[in-house]
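These are the residues of each chain, in order.
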Amino acid sequence: MYGKGLRALSIATVLAMATALALDFFYAPLEAEQGFLQKIFYVHVPLAIIALCGFVLGGLLAIQHLRTRDPRWDMRSYVVIHTSLIFAVGTLISGSIWAKGSWGHWWVWSEPTLVSFLIVFLLYATYQPLRFAIEDPERQARYASVFAITAGAFVPMNFIAVRMSTAYLHPRVLGSTSNLPAPMALTFLVSLLALSLLFATLCKYELTAKHTRAQARALRRKLAGEGASAPARTRTSVPAGALAGGAPQHAAPTRAAGAPAGAARAAAPSAGAAGRPAL
Amino acid sequence: MSRTVGALLRKELLVELRTLESVPGMSLFALSTFVVFHFALNRSSVEGDEAAGILWVTLLFAAMLGVNRLFVADAEEGGFDGFLLAPVDRSALFVAKALALLAYLLVLELVAVPAFALLLLGPPLWPALPGLAATLALGDVGVAAIGTLVAALAVRTRARDLLGPLLALPLFVPIVIGGARAVEPLLGAHAGGVAGPPIRWLATLAVYDLIFGLIAYAVFDFLLED
């Protein structure tokens, strides 16, 4: 299910990225003051917007997880936050390059957007350590969601507080797309679209990979279960893999419970209908 | 709800009074930090923004000690299980713990602020005291709310002593911004003419308290399900 449309999405992303880069380099005019340096704006600003929206989206997905208790929402929240974190690293690096170019310093404390972004990044950098310090998959999902909601609300609050504390310095390009010359605005919007597509593709790839891995694990467990003696399976409710397999198999049932359990369950009957899965 | 909170709070304060696990440690830590700042900065007196920064950093780090200890007894001695067995609203635990942490912070400040005035602060403390007390009280509410949530998040993880501060410090940044900026004019060398802490920073602290108090209150229940 997760893999559906992945190829179309990937092709669209590649095309959009190529168009955006072509527009960036050959179509958008040089900015009068900053010259060529300003072109990093077409990468930096979309990256920042997408990363912040991704963080907030991760919080919304986490709310959905706590409401429905469906582990798939937690999985989506995790993947969105994870990808946003990567985009945030890109934002910090491209922002630093821009700062070095236009102000002469790699890091500028008087720059509220940069500073708040760093704080948000530091906060989200603890998401994975928190998550993987909890063994029980169900509790892991729940705690991660609680964190994602709190942090998602923190993003706008932090931006307001940091902005209040310092003077304006950032080039105000964000709210002023209408003030940009038309070619620049067009390039910016295409870049935003391309990078959004990239974000969606990366998320979809990761979700598909996780889903496939869970499915393969379920099938392998089923295979191991068929190898085990029949009375053992009927006598106990312990997953058959735990009985048949050794130590590595033992870890599988507990971890698979954290993966989309509904999907794994759905996969089992279809594999049975197809006879012995070719693994 | 209020009866449950009252009972839990009483138990919390009673345990603290009998074991003296958190508050003395926090206060002592604050004093040591002032000494460390004296040598690290090589200053015998500070004022203005430096004074505000040192005071807030010290109080926050001391608060982190209390945050780290807040749920340890519950996790290790079965306090969570006992609480979950009782047919009461789970949010009561959050409110009681946050109030207990708030009480610890107030006691900590009763020790740390006079010590700060004695050891490091250049200008006199008295004229600044009302504004300082108001700012610290507003900051404490936020620290207590977020601290309680973070403590509950971190306590049942493998690396809880590490994760607590890692999670809490970025979340405390708006409190530091608001608190330090509000206190800064009060602790300046010519603070006599200053009427009080700037209203907009107090407002920032109040908004932070409100938003994160409500969020922490809303999501806390989900941490207590097993």
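Residues numbered from 1 in each chain as written. Chains lettered and ligands numbered in written order. Predicted model: local features only at pLDDT ≥ 70, side-chain atom pairs only at ≥ 80, totals over all residues.

### So, the overall build of chain A
Regarding its fold elements, chain A presents 11 helices and zero strands. When the helices and strands of chain A are listed from N to C terminus, the series reads α-α-α-α-α-α-α-α-α-α-α. Taken across its 279 residues, chain A has 37% of its residues classed as buried. Residue pairs at least 24 apart in sequence account for 75% of intrachain contacts in chain A once pairs closer than 6 positions are excluded. (Helix = DSSP H or I, 4+ residues; strand = E, 2+ residues; numbered from the N terminus. Buried ≥ 20, exposed ≤ 12 C-beta atoms within 10 Å, placed from the backbone. Contact = placed C-beta atoms within 7 Å.)

### What to know about the overall build of chain B
Secondary structure assignment for chain B yields nine helices and zero strands. Whereas a compact globule of 226 residues would reach a radius of gyration of roughly 17 Å, chain B reaches 18 Å, a difference of no more than 12%. When the backbone C-alpha atoms are referred to their principal axes, chain B occupies close to 55 × 35 × 30 Å. Taking as baseline every contact in chain B between residues at least 6 positions apart, the subset at least 24 positions apart corresponds to 86%. (Rg over C-alpha atoms; globule rule 2.2 N^0.38 Å.)

### Concerning the environment of Glu33 of chain A
All names here are of chain A. The topology assignment puts Glu33 in the loop between helix 1 (6-27) and helix 2 (41-68). Residue Glu33 is classed as exposed on the basis of its 9 C-beta neighbours within 10 Å. Glu33 sits 69 residues away from Ser102 along the chain, and the two C-alpha atoms are 9.6 Å apart.

### Considerations on the interface of chain B and chain A
Contact residues are listed per partner, giving 24 residues for chain B and 24 residues for chain A. Elements that contribute at least two residues to the side of chain B that touches chain A include exactly helix 7 (129-155), helix 8 (160-183) and helix 9 (199-220) of chain B. Here the element with the most residues in the side of chain B that touches chain A is helix 8 of chain B; it accounts for 10 residues. A per-class count over the side of chain B that touches chain A returns 17 nonpolar, three polar and four charged. (Nonpolar A, V, L, I, M, F, W, Y, C, P; charged D, E, K, R; others polar.)

### Quick word on the packing of helix 6 (residues 137-165) of chain A against helix 8 of chain B
Between helix 6 of chain A and helix 8 of chain B, whose axes approach to 9 Å, the crossing angle comes to 25°. Relative to helix 8 of chain B, the element helix 6 of chain A lies roughly parallel. Here helix 6 of chain A runs over helix 8 of chain B; the crossing is left-handed. On helix 8 of chain B, the residues touching Phe154, Met157, Asn158, Ala161, Val162 and Ser165 of chain A of helix 6 of chain A are Leu171, Val173, Pro174, Ile177, Gly178 and Arg181 of chain B. (Axes fitted to C-alpha atoms, helices over the stretch in contact; angles between N-to-C directions. Parallel < 35°, antiparallel > 145°, perpendicular 65-115°, else oblique. Left-handed = near helix turned anticlockwise from the far one by under 90°.)

### Quick word on unusual backbone geometry
Residue Arg69 of chain A is not a glycine yet carries a positive backbone phi of 60°. Turning to its location among the elements, Arg69 of chain A is positioned in the loop between helix 2 and helix 3 (71-103). For Asn42 of chain B, which is not glycine, the phi dihedral falls at a positive 55°. Residue position: Asn42 of chain B is located in the loop between helix 2 (23-41) and helix 3 (48-69).

### Quick look at helix 2 of chain B
An α-helical segment advances 3.6 residues per turn. Residues three or four places apart therefore align on the same side. Residue and element names in this part refer to chain B. Taking 1.5 Å of rise per residue, 19 residues should cover 27 Å, and helix 2 covers 27 Å from first to last C-alpha, within 8% of that figure. Residues of helix 2 that are buried include every one of Val23, Met26, Ser27, Ala30 and Phe37, and no others. End-on, the buried residues of helix 2 take up no more than an arc of 100°, which puts them together on one face. Projecting away from the buried face of helix 2 at angles above 90 degrees are the exposed residues Ser32, Val35, Val36, Phe39 and Ala40. Buried residues in helix 2 make contact with helix 1 (2-19), helix 3 and helix 6 (91-119). Backbone geometry just after helix 2 places Asn42 at a positive phi near 55°. (Expected span 1.5 Å × (residues − 1). Arc of directions from axis to C-beta.)

### A short note on the nonpolar core
The nonpolar side chains of a soluble globular protein tend to be buried, and buried together. Counting 132 residues, the largest nonpolar core has Ile146, Val150 and Leu153 of chain B as the members making the most contacts within it. Apart from residues lying up to four places away in sequence, Val150 of chain B is in contact with Val67, Gly164, Leu167, Ala168 and Leu171 of chain B. (Core = buried A, V, L, I, M, F, W, Y, C linked by C-beta atoms within 7 Å.)

### Details of helix 4 (residues 112-124) of chain A
Across its 13 residues, helix 4 of chain A extends 18 Å between first and last C-alpha, which sits within 8% of the 18 Å expected from 1.5 Å per residue. Listed as buried for helix 4 of chain A are Pro112, Thr113, Leu114, Val115, Ser116, Phe117, Ile119, Val120, Leu123 and Tyr124 of chain A. Along its buried surface, helix 4 of chain A packs onto helix 2, helix 3, helix 5 (127-132) and helix 6 of chain A together with helix 8 of chain B.

### Remarks on the environment of Leu85 of chain A
With respect to the element layout, Leu85 of chain A can be found in helix 3. It is 8.7 Å that separates the C-alpha atoms of Leu85 of chain A and Gly54 of chain A, two residues lying 31 residues apart in sequence.

### A look at the packing of helix 2 of chain A against helix 3 of chain A
Residue and element names in this part refer to chain A. For the pair helix 2 and helix 3, interaxial distance at closest approach is 7 Å and the crossing angle is 160°. By the angle between their directions, the pair helix 2 and helix 3 is classed as roughly antiparallel. Seen along the crossing, helix 2 lies across helix 3 with a hand that is left-handed. Its residues placed into classes, the contact of helix 2 with helix 3 shows 15 nonpolar, 13 polar and two charged.

### Focus: the confidence of the model for chain B
The predicted model of chain B has a mean per-residue pLDDT of 90, with 97% of residues at 70 or higher. Our summary of model confidence lists the complex with pTM equal to 0.80 and ipTM equal to 0.87. (pLDDT = per-residue confidence, 0-100.)

### Quick look at the confidence of the model for chain A
All names here are of chain A. Here chain A averages 78 in pLDDT, while 75% of its residues score no lower than 70. The secondary structure element of chain A with the lowest average pLDDT is helix 9 (residues 240-244), at 38, and the one with the highest is helix 2, at 93. Across residues 230-279, where pLDDT falls below 50, the model places 71 contacts with residues more than four positions away in sequence or in other chains.

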